[in-house]
Structures are given as C-alpha cells and as structure tokens.
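# Observations on the three-dimensional arrangement
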Amino acid sequence: MPVEVKRTASVKGARGATAVVAKRGGRAEKAERAEKVVRGGRNVVATIHKKNGKTVVAVQRRSIVRVEAPPRQSFGQMAGLHGTEDVLDLKSSVALVIDQDTHEVLFSKNDHAVLPIASLTKLMTGLLISEAHLPNDELITITQDDVDTEKRSSSRLTVGTTLSRGELLHLALMSSENRAAHALGRTYPGGLATFVSIMNAKARMLGMKDTRYVEPTGLSSRNQSSAQDLALLVNAAYSDATVRSLSTSPEYQVEVGNRVLQFNTTNRLVKSPDWEIGVQKTGYISEAGQCLVMQAKVAGRKLIMVFLDSAGKFSRIADAERVRRWVEATHAVGSPAASSRNTSFQVAG
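Residues numbered from 1 in each chain as written. Predicted model: local features only at pLDDT ≥ 70, side-chain atom pairs only at ≥ 80, totals over all residues. Heavy atoms only, no water.

## A look at the overall build of the chain
- In terms of helices and strands, the chain carries 8 helices and 19 strands.
- Burial analysis of the chain (349 residues in total) assigns 48% to the buried set.
- Long-range pairs, those at least 24 residues apart, make up 60% of the contacts in the chain with a sequence separation of at least 6.
- Total accessible area on the chain is roughly 18,300 Å²; 49% of this is exposed by carbon and sulfur atoms. (Helix = DSSP H or I, 4+ residues; strand = E, 2+ residues; numbered from the N terminus. Buried < 20%, exposed > 50% of the residue type's maximum accessible area, 1.4 Å probe, protein only. Contact = heavy atoms within 4.5 Å. Areas by Shrake-Rupley, 256 points an atom, 1.4 Å probe, with all protein chains shown as cover.)

## Quick word on the sheet that holds strand β18 (residues 289-298)
- Taken together, 5 strands build an open sheet; the order of strands is β10-β9-β19-β18-β17 and the sheet is antiparallel. Edge positions in the sheet fall to β10 (105-109) and β17 (277-285), since each of these pairs with one other strand and no more. In this sheet, neighbouring strand axes are inclined to one another by 10° on average, regardless of whether the strands run parallel or antiparallel.
- Pairing geometry for strand β9 (residues 92-99) and β10, over 4 bridges, is antiparallel. Note that in β10 the partner of Ala95 across the bridge is Lys109.
- The sheet strands contacting helix α6 (residues 227-238) are β9, β17, β18 and β19 (301-310), and the helix crosses β19 at an angle near 135°.
- Helix α8 (residues 315-330) rests against β9, β10, β17, β18 and β19 of the sheet, and its axis sits at about 30° to β18. (Pairing = 2+ DSSP bridges. Axes fitted to C-alpha atoms, helices over the stretch in contact; angles between N-to-C directions.)

## Examining the pairing of strand β15 (residues 251-256)
- Pairing geometry for β15 and strand β16 (residues 259-264), over 6 bridges, is antiparallel. Bridge assignment links Val256 to a residue of β16, and that residue is Arg259.

## Description of the confidence of the model for the chain
- Averaged over the chain, the pLDDT score is 87; the fraction of residues at 70 or greater is 81%.
- Long-range and interchain partners of residues 1-23, a stretch whose pLDDT sits below 50, account for 35 contacts in this model, where long-range means more than four residues apart.
- Predicted confidence is poor over residues 27-32, with pLDDT under 50, and the contacts of this stretch with residues over four places away or in other chains come to 10 contacts. (pLDDT = per-residue confidence, 0-100.)

## Details of the nonpolar core
- Ranked by internal contacts, the top residues of the largest apolar core, which has 59 residues, are Leu123, Met124, Leu168 and Leu233.
- The element that contributes the greatest number of residues to this core is α6, accounting for 8 residues.
- Residues within four places of Leu123 in sequence aside, it is in contact with Leu173, Leu233, Val234, Ala237, Val243, Val279, Gln280, Lys281 and Val293.
- Ranked by size, the runner-up nonpolar core spans 22 residues in total, among them Leu269, Val270, Ile277 and Leu292. (Core = buried A, V, L, I, M, F, W, Y, C linked by side-chain atoms within 4.5 Å.)

## Re helix α5 (residues 192-205)
- Here α5 spans 20 Å end to end across 14 residues, near enough to the 20 Å set by a 1.5 Å rise per residue.
- The inward-facing, buried residues of α5 abut α2 (121-132) and α4 (178-186).
- The positive-phi residue at the C-terminal boundary of α5 is Gly207, with phi of around 90°. (Expected span 1.5 Å × (residues − 1).)

## So, the packing of α2 against α5
- α5 packs onto α2 with a crossing angle of 100° between their chain directions and a minimal axis gap of 10 Å. One way to sum up the angle between α2 and α5 is to call them roughly perpendicular. Contact residues: Thr121, Met124, Thr125, Leu127, Leu128, Ile129 and Glu131 in α2; Phe195, Ile198, Met199, Lys202 and Ala203 in α5.
- Residues belonging to the contact of α2 with α5 are distributed by class as follows: 8 nonpolar, 2 polar and 2 charged. (Parallel < 35°, antiparallel > 145°, perpendicular 65-115°, else oblique. Nonpolar A, V, L, I, M, F, W, Y, C, P; charged D, E, K, R; others polar.)

## Examining the packing of aromatic side chains
- Within this structure, the stated rule accounts for 2 aromatic pairs.
- Taking 5.9 Å as the distance between ring centres and 75° as the angle between the ring planes, the aromatic pair formed by Phe107 and Trp326 counts as edge-to-face. You can see Phe107 sitting in strand β10 and its partner Trp326 sitting in helix α8, a full 219 residues away along the chain.
- According to the relative accessible area criterion, Trp326 is buried, its value standing at 15%.
- The ring of Phe263 is capped by Arg156, whose NZ or CZ atom sits 4.1 Å from the centre of that ring. (Phe/Tyr/Trp six-rings, centres within 6.5 Å; stacked < 30°, edge-to-face > 60°. Lys NZ or Arg CZ within 6 Å of the ring centre and 35° of its normal.)

Okay, structure coming up:
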C-alpha cells in the first residue's frame, strides 16, 4: 500500500524554522505535527496524525464520477431515418413486409435506403456455400486469418479448432459465428477474394442493385444493401432446403477436442410457438443497428419481413411481433387488405 508523508508547518523567523506552539495552563510547548496520508484503494484515503498524544485516523471516501462516451450512432441515425413515423410505431428505421406469393407490399418504411447490413451478410454466404455442393464432411481449421481484427469480436472457435464444413455452415447461419463464416469464404475454391466476387455476382443475378459485399461475415460496415434487395435474398434463401433448415435450427452442439460446445440461435422467435419461420437471419454492428430478416407464415400468408437499423437490443423482435399482430388483425387470408399502398414487388427467381 503506497504511503506518502507530508508535514504541515508554520514558518516563524528569518530562518523559516518549523514549530507549532501550543499553550496549556500558561505553559508553551513546542511540538512537531506529522501527517501520514494512506491510500486504501482507488477511492479511499486515510489521514493519520498525532493530537494531544493520541493517534487520530480520519478516513475519507472520494466519489468517482465515470463519464461514458455517447453511444456510436448508426448510419441510419446519422441520415435522420429514425425521424420517419409509421402507423405501427416501429423502432426500425427501415422495414418492408411483402406477401411472398402475391408480391403485394403490405408495409414499407424507407425501403430504398442503403445501409450496412451486419450479419445479414451470412445469409448470402450460407446460400453460396450450400449451392456450391462442396463436401460437407471436409475438415476446416480456424486460422489467425479468421480472427476479427476490425471489430475485435470474440469467438469460442479458437485458432486451431477443426470442424467440418457442414458444422461451420450450421454455426454461421444459426448462431451467426463470425469465424465460421470467414473460414467458409476463405476455403472456397479460389480463395476469399473469389468468394466475395461471387457474392456480388449472385446479388446482381438476383436483381439486388443496391447491394455490395466486401467480406463474408458482415463485420465490415461496407457490406451494404436495402430492404428491397434483402427481400430478394430472403426469397432466394427460402428456396434452398439447407439454408432453411440450418437458419431455423434452435440449437446445435459441436465437439472441439475433449469439449462439447453448445450454440444457440440468435433469434428467439425461432423457439416461439406463435411463429412459423421458414428462414431467418439476424445482424448487428453499431453502424447497422439491430437487423432482422425472415420468411414466416402469418395469418395464412407467407410473408417476407425485413427490419433494418432498429434501436434497442430487443427492438427488432418487438417490431416483428407488432407486424405479426397487425397482419393477423388486418391482412389475414380472406379479409380486405388495409395496406395504404396497393403495390406489388417483383421477386426474382
């Protein structure tokens, strides 16, 4: 425990001699008063000194005021998209709800805005890996190249972990495992650069005109798209049985050495009895906010839902619930549509 000693004195005389004069019963006594300041931790200070022949200890607690930096704004917040009002009072600044069969737009909000899409990126990654029909039992080892150096996100897949391609695909789609997704792209025939170019080519083929990918995880804010484009991707992903199955898996275990690691879905609606979800993916980085895309059956209708840049940890889930209840009340099969827009949406493929 660090101790610092300070001496308090009064200066008297030309020589600056130190003395304390105490008068008692008409007699003057000279005494030297010494104080010791002892720091007991970050916010406790004890002062020890002699008084009238006794040792006096005074303990003082100091308040520590922590000033936190303001939360980083998303691209949508910086663009003022959260100021857009809607009849459902959604927390997502971007939303789109489409009937998958009729292509009718039931709800839209800033659906042309181009924003970072975070781990929604992995839906394209998973679709391409599935369509490539590469050996699912081929073993892939996590390397230092798969470690996130941009956001420094954590992962339970340590460097040296070896899993099959099928296991990595499962973890990427269900649990949004970043190192799994990166390893899938890195080991694609031709390497990571080839894989990213194929991601962009697939986007163009699907008609995703406002979409750009620079890596397979979504950790980069340069992976960007619009709700209109993402609805096209969800429709394509739904047509792939592997992506449907793995993205809606509630939990999964993998063996890593002598350990068994338990992974869970990032979308709690998958486990809800109120939902019948065909395909889904969540995403979050600070630049993108909370994101969610789904294909789900609601009130007898197959719907594609896109929610981008939602503010609050659980707000994207709450927005999906609001939309579900609204569709059940106003857009159930056989009831007159209450949509304010009588428009249709062109779905590729």
